[in-house]
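Observations on the model geometry
The residues making up each chain are set out below.
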Amino acid sequence: MQKKLKTLAQEWGADIVGFCKLETSPLPALPYALSIGVKLSDAVLKTIQNAPSFAYFQHYRTANTLLDSIAFRLGREIEKAGFSAFPIAASQSLGKHNPYNGVFPHKTAAVLSGLGFVGKSGLFLSTEYGSKLRLATVLTDMPVQAELPVIENGCGACELCKKACPAGAIFGELPSKTDGERNFDAEKCSKYMKEHFQDVGRGSVCGVCIKVCPKNKLS
Ligand code: SF4
Ligand code: SF4
């Protein structure tokens with residue numbers, strides 16, 4: 001079943017696919033996770049110049065839609081096999097009372113699946129594509145196993161994202177293994193975007209820390 005789900009996710013457009021058992025699930029009855037990622041276009045990311053572009057905002061939304069569709073369809077396959085599935089959208093919001101957190105940090109499942117590490121930027125960096133990715137997750141009670149070991153942070157001495165962040169929201173410190181929240185100020189990032197990038201997606205995107213990351217090897 002795990003192999004079948006991976007093949008389907010790839011056929012439907014996922015560029016990375018992984019599986020893991022979570023250390024802590026937001027839904028304790030569903031302790032396993034499928035992590036999927038869709039790569040963003042190098043050409044579109046290059047249009048970010050110290051600020052987001054309209055092309056980036058539209059591309060970001062389309063990647064989220066594709067991921068949500070793949071997660072939705074994977075959930076249906078899991079249910080058909082007799083298990084429960086809870087797809088978590090690529091872009092999450094818990095409303096105005098908890099605006100800087102989602103149901104679940106996708107990067108946690110991606111790291112535990114051995115697909116990459118959390119960088120100093122607080123973003124997930126995949127082994128293959130760096131941080132030029134969007135992620136989604138499906139929680140399930142279907143037992144799955146990680147195919148790859150968890151890897152260490154690979155940022156080294158680099159601090160390019162810290163230097164480039166216009167909000168000063170990146171501290172330049174190594175994160176805890178599966179969670180970038182301690183080395184990144186989500187509130188500062190969000191407030192800066194809302195204040196300065198209101199004309200592009202009402203301040204919901206920036207992308208500068210993705211654009212400058214050398215792990216992304218933009219071609
Ligand atoms: S998205 Fe922009 S403001 Fe937010 S951390 Fe990255 S560079 Fe800084
Ligand atoms: S820009 Fe450098 S420090 Fe920041 S996430 Fe990328 S590799 Fe790590």
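Relevant structure appears above.
Residues numbered from 1 in each chain as written. Chains lettered and ligands numbered in written order. Predicted model: local features only at pLDDT ≥ 70, side-chain atom pairs only at ≥ 80, totals over all residues. Heavy atoms only, no water.

1. Examining the side chain of His-106
Mapped onto the secondary structure, His-106 falls in helix α4 (residues 106-112). In this structure the side chain of His-106 is engaged in a polar contact, spanning 2.8 Å, whose partner is the backbone oxygen of Ala-89. Apart from the residues lying within four places of it in its own chain, the contact partners of His-106 are Ile-88, Ala-89, Ala-90, Gln-92, Leu-135, Ala-136 and Thr-137. (Helix = DSSP H or I, 4+ residues; strand = E, 2+ residues; numbered from the N terminus. Polar contact = N/O pair within 3.5 Å; in protein donor to acceptor, adjacent residues only side chain to side chain. Contact = heavy atoms within 4.5 Å.)

2. Focus on the site of ligand 2
Around ligand 2 sit Lys-120, Ser-121, Cys-155, Cys-158, Leu-160, Cys-161, Cys-213, Pro-214 and Lys-215, and those are all the residues in its vicinity. Counting atoms within 2 Å of the grid points, the majority share of ligand 2 lands in the largest cavity. Of the residues in the shell around ligand 2, the class split is six nonpolar, one polar and two charged. (Near = heavy atom within 4 Å. 1 Å grid on protein atoms, 1.4 Å probe; cavity = no way out; pocket = protein on both sides within 12 Å on 5 of 7 lines; lining within 4 Å. Sits in = over half its atoms within 2 Å of the grid points. Nonpolar A, V, L, I, M, F, W, Y, C, P; charged D, E, K, R; others polar.)

3. Here we look at the sheet that holds strand β6 (residues 133-140)
Pairing within the open sheet is antiparallel, and its four strands lie in the order β1-β2-β6-β3. Looking at the sheet topology across the chains shown, the edges are occupied by β1 (16-21) and β3 (85-88). Averaged over all pairs of adjacent strands, the angle between their axes in this sheet comes to 20°, without regard to strand direction. Running at roughly 145° to β1, helix α1 (residues 2-11) makes contact with β1 and β2 (32-39) of the sheet. On top of the sheet, helix α3 (residues 54-80) reaches β2, β3 and β6; it is set at about 20° to β6, its chief contact. (Pairing = 2+ DSSP bridges. Axes fitted to C-alpha atoms, helices over the stretch in contact; angles between N-to-C directions.)

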